[in-house]
Structures are given as C-alpha cells and as structure tokens.
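Report on the structure
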Amino acid sequence: MKIGYLQFKPEFGKGKDNIAKIENMVSDVDFDLLVIPELANSGYVFCSKEEVEEYSEKPSEGIFCNALFKISAEKKCFIVSGFCERAVETSPETGDGNINFYNSSILVCPDHNFFIYRKIHLFEEEKLFFSPGNLKFKVNRISSPNFGSVNIGMMICFDWIIPEAARTLALQGAQIICHPSNLVMPYCQQAMYTRAVENHVFIITTNRIGTETNRNKEVKFTGKSVILDTKGNYLATGSEDKEEIRIVEINPEEAFNKNINKNNHLFNDRRPEFYFS
Ligand code: ACM
C-alpha cells in the first residue's frame, strides 16, 4: 500500500488557492492514501469567530472538500485532510438547529463516501474559536483492489499529547493513524516514535510549514512531517520549510502483530483494573 504526506503552507482565508495548490501537487503522484495538514482549507491563525464562519465549510457543499472528492474519484485513492468544518446540528434539549464550528478532519473515499473526526483536544486559542469535538475516536475500514481492506484512525495535531487518543484507535484495530497537524511545539515528531511503538501502528503525521500572520498574531509552524512504521522506524521525514509530497510503500498487515516477544503482547498484557481509581 502506498501511503504518504503532502506538506504545504496553506494561505489564511484562501481556500480556493489552497485546494489549487493541492491539486497541482498531487497531479503526477501515485498513492493509495495521502494525509494533508490540519485546517488546510482555511489556515490556522484566527482572530475572530466571523473569520471561522467565513472560512468554514460543510463537507457536502464546500469547494475544498468537493475538490478532494474529485481527486479521490479520479485517482481511486483515499485522502485525509484537516479542514475548518461548519456543522448544522440539532440541539438534543430544544430540538433547534445550531451551527457549530469544528477543527475537523475528513477521510474521503473514491465512491464519494466520507468520514469525519472533530478534534477532541483543542490547543491554545483554538478553544476560543472551535467547539470541542463531539464524536468518539473511531476506526473506519477502507477497501480497494490495490491493497485490500485497511483500518484507518484519525486524530488531529495536539491529540498526540494525550496518549489515550492513539491508544483508543489502536485498541479498535487501527492499522494506520492519520494525523493532520499544524505543529508549533518541537516535540511531536519525536514523540510519534513512542505512539507507533507502544501501539504497533503506522502513523502519518502531516505538518504544515511557514509562518502565518493575522493582525497582531504570528505563528510559526515546524514542518518535518513524518511517516513511521509499527516498530518506530521513520520511513520518511520532511524538511522544515519546503512544500513536498512523500510516498512510501508499507504492508499494513504488520500492524496486526502486537507481540513484543513470546511472552509479551502489547494489548493482552494491559491491566486496566490497576490504571484508574
Ligand atoms: C495544534 O494542535 N495545532 C498545535
């Protein structure tokens, strides 16, 4: 199975330019599964809720997600991308329709099916602009004549620092964890070694690059996207500041082997009755 990352610099509020760049970058590249950074349609540095509203989209209607559906159908490939989501939801209390905004990721399939994950652990000022994710971590099974069937988990950026995120996906059978990111701290790329080893899963952490400025705010992102195998080997490591696609070939079946040696099994050795009081 050919899996990879697309590392780039989304421009704030320029959804059309951002998807045009992605279309251009993937045009000659062959892959089965590609991961694109967090908030790739909108950019990251929001200063107001009005901006979130303006640059968000419903996956079924937005230009960004629709372009991803088109790429996926044409190339018969699967794409995971972060995006700024507008969701119309019914309040369980009042029955009224509410519009909520989430820092989400979408898994796009060639038959136009899709799955959504909404970032559960919001980072820093994201808490001012997004609702915390309201969907449980869930594994989605994708299938293709190219690679058979594979279980995909999604988490977004800062979710990495809460080990339960990757563990929950792994316990559900995730073979590949897709991790769209806009990383600002320097730890994650090394920490994903541990997430891969402690769960025996493949991980694609796709980070963005560049510095984004909006009014008086400026955020610098750390690039260096990574792909890890189930033993913690770095199959690909990106540059700090260049837009690039990297594709590697893996055997996702390796993620089903949770044996450490003949007496230790990653999951069967867990003793959760001792973990929480
Ligand atoms: C982050 O969660 N975007 C750091």
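Report follows, based on the coordinates.

Rules used in this analysis
Along each chain, residue indices are assigned from 1 in the same order as the chain's sequence is written. Totals for whole chains, interfaces and linings use all residues, but because this is a predicted model, local features are given only for residues with pLDDT of at least 70 and pairs of side-chain atoms are given and counted only at 80 or more. Only hydrogens and water are set aside; all other atoms, that is, all heavy atoms of the structure, feed into the side-chain values. The criterion for strand pairing is that DSSP finds at least two bridges linking the strands in question. Helix numbers and strand numbers start at the N terminus; a helix is a DSSP run of H or I with at least 4 residues, a strand a run of E with at least 2. Every angle, taken between N-to-C directions, lies between 0 and 180 degrees, and every axis is a line fitted to C-alpha atoms, over only the stretch in contact when it is a helix. Should any heavy atoms of two residues lie within 4.5 Å, those residues are counted as being in contact. When accessible area is computed with a 1.4 Å probe and restricted to protein chains, residues below 20% of their type maximum are described as buried, those above 50% as exposed, and intermediate ones as partly exposed. Any Phe, Tyr or Trp ring, taking Trp's six-membered ring, that has another such ring centre within 6.5 Å forms a pair; planes under 30 degrees apart are called stacked, those over 60 apart edge-to-face, and the others tilted. In this description, a nonpolar core means a group of buried Ala, Val, Leu, Ile, Met, Phe, Trp, Tyr and Cys residues linked to one another through side-chain atoms lying within 4.5 Å. Every helix has an expected span of 1.5 Å times one less than the residues it contains. This arc is taken over the directions from the axis of the helix to the C-beta atoms.

**Things to note about the sheet that holds strand E8 (residues 176-180)**
- The mixed open sheet is built from six strands, whose spatial order is E6-E7-E8-E9-E12-E13. This sheet does not close on itself; its edge strands, each paired only once, are strand E6 (140-144) and strand E13 (234-237). The sheet shows a mean angle of 20° between the axes of neighbouring strands, direction not considered.
- The sheet contact formed by strand E12 (residues 226-228) and E13 spans three bridges and is antiparallel. Opposite Ile-227, over in E13, you have Ala-236 as the bridge partner.
- Docked against the sheet, helix H6 (residues 188-199) engages E8, strand E9 (202-206), E12 and E13, running at close to 160° with respect to E9.

**Observations concerning the environment of Glu-124**
- Within the secondary structure, Glu-124 sits in the loop between strand E5 (114-118) and helix H4 (126-129).
- Exposure remark for Glu-124: the relative accessible area of 55% places this residue in the exposed category.
- Sequence-wise, Glu-124 and Phe-158 are 34 residues apart; in three dimensions their C-alpha atoms are separated by 9.6 Å.

**Let's talk about the side chain of Asn-18**
- Relative to the helices and strands, Asn-18 resides in helix H1 (residues 15-26).
- Beyond its immediate chain neighbours, meaning those up to four positions away, Asn-18 contacts Phe-8, Lys-9, Pro-10, Glu-11, Ala-40, Asn-41 and Ser-42.

**Focus: the packing of aromatic side chains**
- All told, the structure shown has nine aromatic pairs when counted by the stated rule.
- Residues Phe-46 and Phe-130 carry aromatic rings whose centres are separated by 5.8 Å and whose planes lie at 85° to one another, so their mutual orientation is edge-to-face. Note that Phe-46 is positioned in the loop between strand E2 (33-36) and helix H2 (49-55) and Phe-130 in the loop between H4 and E6, a separation of 84 residues in sequence. Take Phe-46 and Phe-130: they sit in the same class, and that class is buried.

**Notes on the nonpolar core**
- If you look at the biggest cluster of nonpolar residues, it comprises 47 residues, and the most contacted ones within it are Met-1, Ile-3, Leu-33, Met-155 and Ile-176.
- In contact with Leu-33, other than residues within four places in its own chain, are Met-1, Lys-2, Ile-3, Gly-4, Phe-78, Val-80, Ile-152, Ile-176, Cys-178 and Ile-204.
- Of all hydrophobic cores here, the second largest spans 21 residues; its members include Phe-8, Cys-65, Ala-67 and Cys-77.

**Concerning H1**
- With twelve residues, H1 ought to run about 16 Å at 1.5 Å a step, and its terminal C-alpha atoms sit 17 Å apart, in line with that.
- Of the residues making up H1, those classed as buried are Gly-15, Asn-18, Ile-19, Ile-22, Met-25 and Val-26. For H1, the buried positions fall inside an angular range of 120° around the axis, keeping them on one side. Across from the buried face of H1, at angles greater than 90 degrees, the exposed residues are Lys-16 and Asn-24.
- The secondary structure elements touched by the buried residues of H1 are strand E1 (2-7), E2, helix H3 (63-75) and strand E14 (244-249).

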